[in-house]
Amino acid sequence: MSGSLRREKSEALYAAAQAVIPGGVNSPVRAFKSVGGGPIFIERGEGAYLFDVDGNRYLDFVGSWGPLIFGHAEPSIVAAVTEAAARGTSFGASTEAEVRFAEEIIAAVPSVEKVRLVSSGTEATMSAIRVARGYTGRSKVVKFEGCYHGHSDALLSKSGSGIATLGLPDSAGVPARVTADTLTLPFNDLDAVARLFEIDGGDIACIALEPVVGNMGCVLPKPGYLEGLREITRRHGALLLFDEVMTGFRLAYGGAQERFGVLPDITALGKIVGGGMPLAAYGARAEIMDVVAPLGPVYQAGTLSGNPLAVAAGRAQLARLRAEPPYDYLEEQVTGLAESFRESAATADIAVTVNQIGSMITVFFTDRPVYDYETAKTSDAARYGRWFWALMERGVYMPPSQFESAFISAAFTPADFARAKEAAREAFAALTD
Ligand code: KE4
């Protein structure tokens, strides 16, 4: 827990918040439970930086958990939302912008021919699962321990993110019969998938996964893993669902499926696609998406789906990604940052495993390679928490959980990366236990 940070206003707001909001937060991971000390309350964001209500400035490694690939208050996004708002905030009717946006998403994501806009990643994955079940006529869904796909009942089992952080193997309020058709396997174990499909293959509607996991911390697929899942699902007539809510437009403009060259049947998108506004999407080949109402029998709806402000924000962000692709810059800078973290931890004689791909990175406090949930859990989360606060005192805001990926924005300048390296070096050196 921090010593030198001014926190009076955040602490007062947290006390007030707890009286009126469960846990004082509108999403569990924001409570800082796994790092202790109580949450910071944000006053504003600007580029690569966050400013809290006590006047502290932080280099932001969370980026609102992924949406802000160009940082906070990105001028073209702010202008687009402001201009759209002046024409009305919601119509509950179709607009040209939604059509153009759908065309832009389809042009970007290799496997998608039709797309439906929704308001959250949870809605996107929940709807994608329903489509997979409706299209195949099968009920079972395979997911992987440590992967998190939002809080829809069927997917809230042995998840990552807040569940992993809070150590909740499953959520209360989800009847066992609802998750009875959700089969959970270890991530990165292709033999386990093959064995399950030999037994249950005819009943499995889809495999759902984060192609690169962010929700147990950053965990990469082993070589051949995604290709193997593609082959097994194809052989058994099951669909492959890539939850690209984090990786979409982050690991490449076409997401993980472009970067790894493995095309899923259904894709869930969120975060970056919404430009920081409440917008997500799911898409697939036309023959799959055509099962969705009003065209087909699978029902899915939403008052604010395709909201004009959110569409304006998403279109502005994707336009900038096309005009100024940040991927090479981020790959080079964040790869260097990962190497610097490894070196400064070693200098401090601290065992860490640093997993990184593109602008996603996690420092696991373990001496083990981290390739699934079991190995992620060998990390010393308490020591991560002490490193977290040592960084906070040095003006760097890392995810407030060992089991979350960091997301770095193109708003980071080379000087910001240098500042982060120095802060991490000092923070490792300050870890006396
Ligand atoms: P939302 O419903 O939170 O928009 O998206 C759910 C979701 C789905 N799929 C993936 C791969 C995700 O990472 C998420 C949400 N991610 C978390 C961060 N681990 C959001 C932060 C939070 O829960 O407050």
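As the structure is a prediction and not an experimental result, all values here were calculated from the model.

Just give me the short version of helix 2 (residues 75-85), but keep the residues and values in it.
Because each turn of an α-helix spans 3.6 residues, side chains separated by three or four positions end up pointing in the same direction. Ile-77, Ala-80, Val-81 and Ala-84 are the residues of helix 2 that are buried. Along the axis of helix 2, the buried positions cluster into a sector of 95°, meaning they face one direction only. Exposed and facing more than 90 degrees away from the buried side of helix 2 are Pro-75 and Thr-82. Where the residues of helix 2 are buried, they touch helix 11 (308-323).

Outline the domain arrangement of the chain, listing residues and values.
By the assigned domains, the chain splits into domain 1 (8-61 + 326-430) and domain 2 (75-323). One C-alpha centre belongs to domain 1, the other to domain 2; they are set 25 Å apart. Each partner contributes to the interface: domain 1 provides 28 residues, whereas domain 2 provides 30 residues. Overall, the association of domain 1 and domain 2 removes approximately 2,300 Å² of surface from exposure, summing both partners, and the carbon and sulfur fraction of that is 64%. On the domain 1 side of the contact with domain 2, Tyr-327, Ile-357 and Tyr-373 bury the most area, a combined 31% of that side's loss. Seen at the junction of domain 1 and domain 2, the total is one salt bridge. With its nearest N and O atoms 2.8 Å apart, the salt bridge here joins Arg-259 to Glu-331. Scanning the region where domain 1 abuts domain 2 turns up nine residue pairs in polar contact (both at pLDDT 80 or more). Listed by contribution, the elements that provide at least two residues to the side of domain 1 that touches domain 2 are helix 12 (327-347), strand 11 (353-357), strand 12 (360-364) and helix 13 (373-376). Take the side of domain 1 that touches domain 2: its biggest share by element is four residues, from strand 12. Residue composition of the side of domain 1 that touches domain 2, grouped by class: 14 nonpolar, nine polar and five charged.

Describe the sheet that holds strand 11, naming the residues involved and giving the relevant values.
Taken together, three strands build an open sheet; the order of strands is 11-12-14 and the sheet is antiparallel. Every other strand in the sheet has two partners, leaving strand 11 and strand 14 (406-407) as the edge strands with one partner each. In terms of strand pairing, strand 12 meets strand 14 through two bridges, oriented antiparallel. Bridging across to strand 14, Met-360 finds its partner in Phe-407. Strands strand 11 and strand 12 of the sheet are contacted by helix 12, whose axis makes an angle of about 180° with strand 11.

Describe the side chain of Ser-344, naming the residues involved and giving the relevant values.
Relative to the elements of secondary structure, Ser-344 occurs in helix 12. Looking at Ser-344, the relative accessible area reads 6%, which means it is buried. Residues within four places of Ser-344 in sequence aside, it is in contact with Ala-424, Arg-425 and Phe-428.

How would you sum up the site of the ligand? Please name residues and give values.
Surveying the vicinity of the ligand reveals 17 residues, the closest of which are Ser-27, Thr-122, Asn-215, Asp-243 and Glu-404. Measuring from an oxygen atom of the ligand, one finds a side-chain N or O atom of Thr-122 at 2.7 Å. For the ligand, whose accessible area on its own is 540 Å², the fraction buried by protein is 86%. Taken together, the residues of the shell around the ligand sort by class into five nonpolar, eight polar and four charged. When we break the shell around the ligand down by domain, the ones giving at least three residues each are domain 1 (8-61 + 326-430) and domain 2 (75-323).

Outline the packing of helix 14 (residues 381-393) against helix 15 (residues 414-430), supporting the account with residue identities and numerical values.
Running from amino to carboxyl end, helix 14 crosses helix 15 at an angle of 130°, the nearest separation of the two axes being 9 Å. Considering their axes alone, helix 14 and helix 15 lie oblique with respect to each other. Helix 15 is crossed by helix 14, and the crossing has right-handed handedness. Judged by residue contacts, Trp-387, Ala-390 and Leu-391 of helix 14 engage Ala-423, Ala-424, Ala-427 and Phe-428 from helix 15. Residue composition of the contact of helix 14 with helix 15, grouped by class: seven nonpolar, no polar and no charged.

Now, about the packing of aromatic side chains: what can you tell me, with residues and values included?
On inspection of all chains with the given rule, the structure shows 19 aromatic pairs. With centroids separated by 5.3 Å and ring planes inclined at 70°, the aromatic side chains of Phe-249 and Tyr-253 adopt a geometry described as edge-to-face. Residue Tyr-253 is classed as buried on the basis of its relative accessible area of 17%. Geometrically, the ring pair formed by Tyr-329 and Phe-417 is edge-to-face, given 6.2 Å between the ring centres and 70° between the ring planes. Pair noted here: Tyr-329 is in helix 12 and Phe-417 is in helix 15, with a separation of 88 residues, a long-range link. An aromatic cluster of at least three residues, connected via ring pairs, comprises Phe-32, Tyr-58, Phe-388, Trp-389 and Tyr-397.

Criteria and thresholds
- Residues numbered from 1 in each chain as written.
- Predicted model: local features only at pLDDT ≥ 70, side-chain atom pairs only at ≥ 80, totals over all residues.
- Heavy atoms only, no water.
- Buried < 20%, exposed > 50% of the residue type's maximum accessible area, 1.4 Å probe, protein only.
- Helix = DSSP H or I, 4+ residues; strand = E, 2+ residues; numbered from the N terminus.
- Arc of directions from axis to C-beta.
- Contact = heavy atoms within 4.5 Å.
- Domains from an automatic or database assignment.
- Buried area = accessible area lost by both parts, 1.4 Å probe.
- Salt bridge = Lys/Arg side-chain N within 4 Å of Asp/Glu carboxyl O.
- Polar contact = N/O pair within 3.5 Å; in protein donor to acceptor, adjacent residues only side chain to side chain.
- Nonpolar A, V, L, I, M, F, W, Y, C, P; charged D, E, K, R; others polar.
- Pairing = 2+ DSSP bridges.
- Axes fitted to C-alpha atoms, helices over the stretch in contact; angles between N-to-C directions.
- Near = heavy atom within 4 Å.
- Areas by Shrake-Rupley, 256 points an atom, 1.4 Å probe, with all protein chains shown as cover.
- Parallel < 35°, antiparallel > 145°, perpendicular 65-115°, else oblique.
- Left-handed = near helix turned anticlockwise from the far one by under 90°.
- Phe/Tyr/Trp six-rings, centres within 6.5 Å; stacked < 30°, edge-to-face > 60°.

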